[in-house]
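# Inside the fold
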Amino acid sequence: MSIKHKIDTARAAVAKSDPWTSGTAQIPSHCFNLFFIDKMDPPRPHLVKLTDTTHPSELEALSASCDQATFGRAHEDVLDESYRKAGKLDLGRFASTFDAAQIFPTIIPYLIQGKDAEQRVEADMHKLNVYDKGSFFRAHKDTPRSERMFGSLVVVFPTPHTGGELVLRHAEKMFTFDSGTILAGSPDKIAFIAFFSDVEHEVLPVTSGHRVTLTYNLYYPDPTSPRLSSTTAVNACILLKNLNVATSISP
Ligand SMILES: O=C(O)CCC(=O)C(=O)O
Ligand SMILES: [Fe+2]
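The paragraphs below set out a description of the structure included in this document.

The rules behind each value
Residues numbered from 1 in each chain as written. Chains lettered and ligands numbered in written order. Predicted model: local features only at pLDDT ≥ 70, side-chain atom pairs only at ≥ 80, totals over all residues. Heavy atoms only, no water. Donors = N, O, S within 2.8 Å, 3.2 Å for Na, K, Ca; no water. Helix = DSSP H or I, 4+ residues; strand = E, 2+ residues; numbered from the N terminus. Pairing = 2+ DSSP bridges. Contact = heavy atoms within 4.5 Å. Axes fitted to C-alpha atoms, helices over the stretch in contact; angles between N-to-C directions. Phe/Tyr/Trp six-rings, centres within 6.5 Å; stacked < 30°, edge-to-face > 60°. Buried < 20%, exposed > 50% of the residue type's maximum accessible area, 1.4 Å probe, protein only. Lys NZ or Arg CZ within 6 Å of the ring centre and 35° of its normal. 1 Å grid on protein atoms, 1.4 Å probe; cavity = no way out; pocket = protein on both sides within 12 Å on 5 of 7 lines; lining within 4 Å. Points joined across faces, edges and corners; volume = space filled by probe spheres on them.

## Quick look at the coordination of the iron ion (ligand 2)
Within the first shell, the iron ion (ligand 2) binds the protein through His140 (NE2), Asp142 (OD) and His201 (NE2), at distances of 2.0 to 2.1 Å. One chain supplies every donor to the iron ion (ligand 2), and in sequence these donors are spaced H-x1-D-x58-H. Residue Asp142 is found in the loop between strand E11 (136–140) and strand E12 (149–156), and its partner His201 is found in strand E17 (residues 200–203); the two are separated by 59 residues along the sequence.

Right, here's the structure in full:
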């Protein structure tokens, strides 16, 4: 069955419900750890725990280590702060102990129904983003990174923030995912939202705090190339290489 057909089947299955699913997940304490390298020369490693009690100075250090976030427009990565104002860390600059597989049991049955529910799905980590006060991302659809990509997953950590709601729109439907409110008072949880690629979405301006996210591209796996390691492990190896730390693990 072609990927297009699979996506159409999945979309038809959820046509009567919403083309997105969201929730919270309780995760073990060690899964909030984030390692990143700053912009010093040579780069220095940092470890921060992304919970509701993270000291603002640690989040500011994370934010200062970020580059300005770009976005895809007509097959190019564009930097335009009137369209998107946010910080980003590319994969080689951080490693998270959070594993998206922890929330697969919740999202997969929703996104893939019927006999395709047996189908494996891969979530490829794309970026870490930090939305400080005044950050936003205007309405857009995510740029498909391959034929096999069918959606996006956003994971939000419980670092306190207000504003920064993700507003999703599809046909007549609209949904507001207010991670700051959802996570307030839940230090042991992350909030997540997964949606299909044809859903338009925007991040409203953050009014206080730091909204820290991991974004993933959701794929049907390529049957001809079996996966050898998880993106989390590959990501950690790239980070170590960028720090010039000797490692015998190869991604
Ligand atoms: O942070 C979010 O909720 C969504 C971010 C987004 O739309 C993107 O990175 O493409
Ligand atoms: Fe997006």
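That was the structure; now back to the text.
## Here we look at the sheet that holds strand E8 (residues 87–89)
In space, the seven strands of this open sheet follow the order E1-E16-E12-E19-E10-E8-E4, with antiparallel pairing throughout. Looking along the sheet, the strands with just one partner apiece sit at the ends: strand E1 (20–26) and strand E4 (67–68). Bridge analysis of E4 against E8 gives two bridges, and the strand direction is antiparallel. Within E8, the position partnered with Gln68 by the bridge is Gly87. Those strands touched by helix H2 (residues 56–64) are E8, strand E10 (122–131) and strand E19 (211–219), and its axis lies near 110° from that of E10.

## Thoughts on the packing of aromatic side chains
Under the counting rule described, the total for this entry stands at five aromatic pairs. Ring centres 6.4 Å apart and planes at 80° place the aromatic pair Phe98 and Phe157 in the edge-to-face group. In this pair, Phe98 is assigned in the loop between strand E9 (94–96) and helix H3 (104–111) and Phe157 in the loop between E12 and strand E13 (161–163), connecting sequence segments 59 residues apart. Looking at Phe98, the relative accessible area reads 0%, which means it is buried. Following the ring pairs from residue to residue traces out a cluster consisting of Phe71, Tyr83 and Phe137. Note that Arg73 overlies the ring of Tyr83, its terminal NZ or CZ placed 5.7 Å from the centroid.

## Describing the layout of surface pockets
Empty space within the largest pocket amounts to approximately 490 Å³. Per-element accounting of the lining of the largest pocket gives the leading share, five residues, to E19.

## Examining the sheet that holds strand E2 (residues 33–37)
Across the sheet, which stays open at both edges, the three strands sit in the order E3-E2-E9 with antiparallel pairing between neighbours. In the strand order of this sheet, the two ends are held by strand E3 (45–49) and E9, each with one partner. Sheet twist, expressed as the mean angle between neighbouring strand axes with direction ignored, is 15°.

## Structural notes on unusual backbone geometry
Note that the residue after Asp41, namely Pro42, is joined by a cis bond; omega there is 5°. With respect to the secondary-structure elements, Pro42 resides in the loop between E2 and E3. In this structure, Ala171 takes a positive phi of about 50° despite not being glycine. Relative to the elements of secondary structure, Ala171 occurs in the loop between strand E14 (166–170) and strand E15 (173–177). Relative accessible area serves as the criterion here: at 72%, Ala171 is assigned to the exposed category.

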